[in-house]
Amino acid sequence: MQRRAILSAVRTLGGHPTAADVFSALRDEYPNLSLATVYRALHALVEQGVIGETRVDNVSRYDTSPIPHHHVVCRHCGNVADLPQLILGDDLFRTAEAHSGFLLDGRSVQLTGLCPACSLSAVASRS
Ligand SMILES: [Zn+2]
Ligand SMILES: [Zn+2]
């Protein structure tokens, strides 16, 4: 099957679901599905370049877009949002290489903070 159902679940869920999110979205429809199968299928889809993968707090999150891009991650609720590749220009990577001596080949940056909803409630609880 099941790879197609798993792919369409990633697309339907949107955002950046975990394997567990995908598994629970499909469990009713496919009672024989195991979490291990979901992991394997997601891994294969990443290998094939169909979907992307990003690690947040050591948990893989899956991305409908396989094209490398940046992420902002809410440290409060774990919400993950995309930033377009262009927003952090090549200058950033050249500066980082100059400082570190590393030859960088990754072009994907993860920034953490509070998402709009969480920063609103942080402000509200402060006043
Ligand atoms: Zn948040
Ligand atoms: Zn993304």
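Structure: see above.
Residues numbered from 1 in each chain as written. Chains lettered and ligands numbered in written order. Predicted model: local features only at pLDDT ≥ 70, side-chain atom pairs only at ≥ 80, totals over all residues. Heavy atoms only, no water.

Caption draft 1: Examining the packing of helix α2 (residues 19–26) against helix α3 (residues 35–47) more closely. Between α2 and α3, the shortest axis-to-axis distance is 9 Å and the interhelical angle comes to 120°. Considering the angle they form, α2 stands oblique to α3. Between α2 and α3 lies a crossing whose hand is right-handed. Side by side, α2 and α3 meet where A19, A20, V22 and F23 of the first sit next to L35, V38, Y39 and L42 of the second. Across the contact of α2 with α3, the residue classes break down as eight nonpolar, no polar and no charged. (Axes fitted to C-alpha atoms, helices over the stretch in contact; angles between N-to-C directions. Helix = DSSP H or I, 4+ residues; strand = E, 2+ residues; numbered from the N terminus. Parallel < 35°, antiparallel > 145°, perpendicular 65-115°, else oblique. Left-handed = near helix turned anticlockwise from the far one by under 90°. Contact = heavy atoms within 4.5 Å. Nonpolar A, V, L, I, M, F, W, Y, C, P; charged D, E, K, R; others polar.)

Caption draft 2: Quick look at the coordination of the zinc ion (ligand 2). With distances of 2.0 to 2.2 Å, the protein atoms coordinating the zinc ion (ligand 2) are H16 (NE2), D63 (OD), H69 (NE2), H71 (NE2) and D82 (OD). The sequence pattern describing where the donors of the zinc ion (ligand 2) fall on their chain is H-x46-D-x5-H-x1-H-x10-D. Linking H16 in the loop between α1 (3–13) and α2 with D82 in strand β4 (residues 80–83), this pair joins segments that are 66 residues apart in sequence. Relative accessible area serves as the criterion here: at 6%, H16 is assigned to the buried category. Residue classification places D82 among the partly exposed positions, given a relative accessible area of 41%. (Donors = N, O, S within 2.8 Å, 3.2 Å for Na, K, Ca; no water. Buried < 20%, exposed > 50% of the residue type's maximum accessible area, 1.4 Å probe, protein only.)

Caption draft 3: Summary view of the coordination of the zinc ion (ligand 1). Protein coordination at the zinc ion (ligand 1) comes from C74 (SG), C77 (SG), C115 (SG) and C118 (SG), with a distance range of 2.2 to 2.3 Å. We note that the donor set of the zinc ion (ligand 1) lies within a single chain, spaced as C-x2-C-x37-C-x2-C. Comparing C115 with C118, the two get one shared label, buried.

Read these as spatial facts, not as claims about activity.
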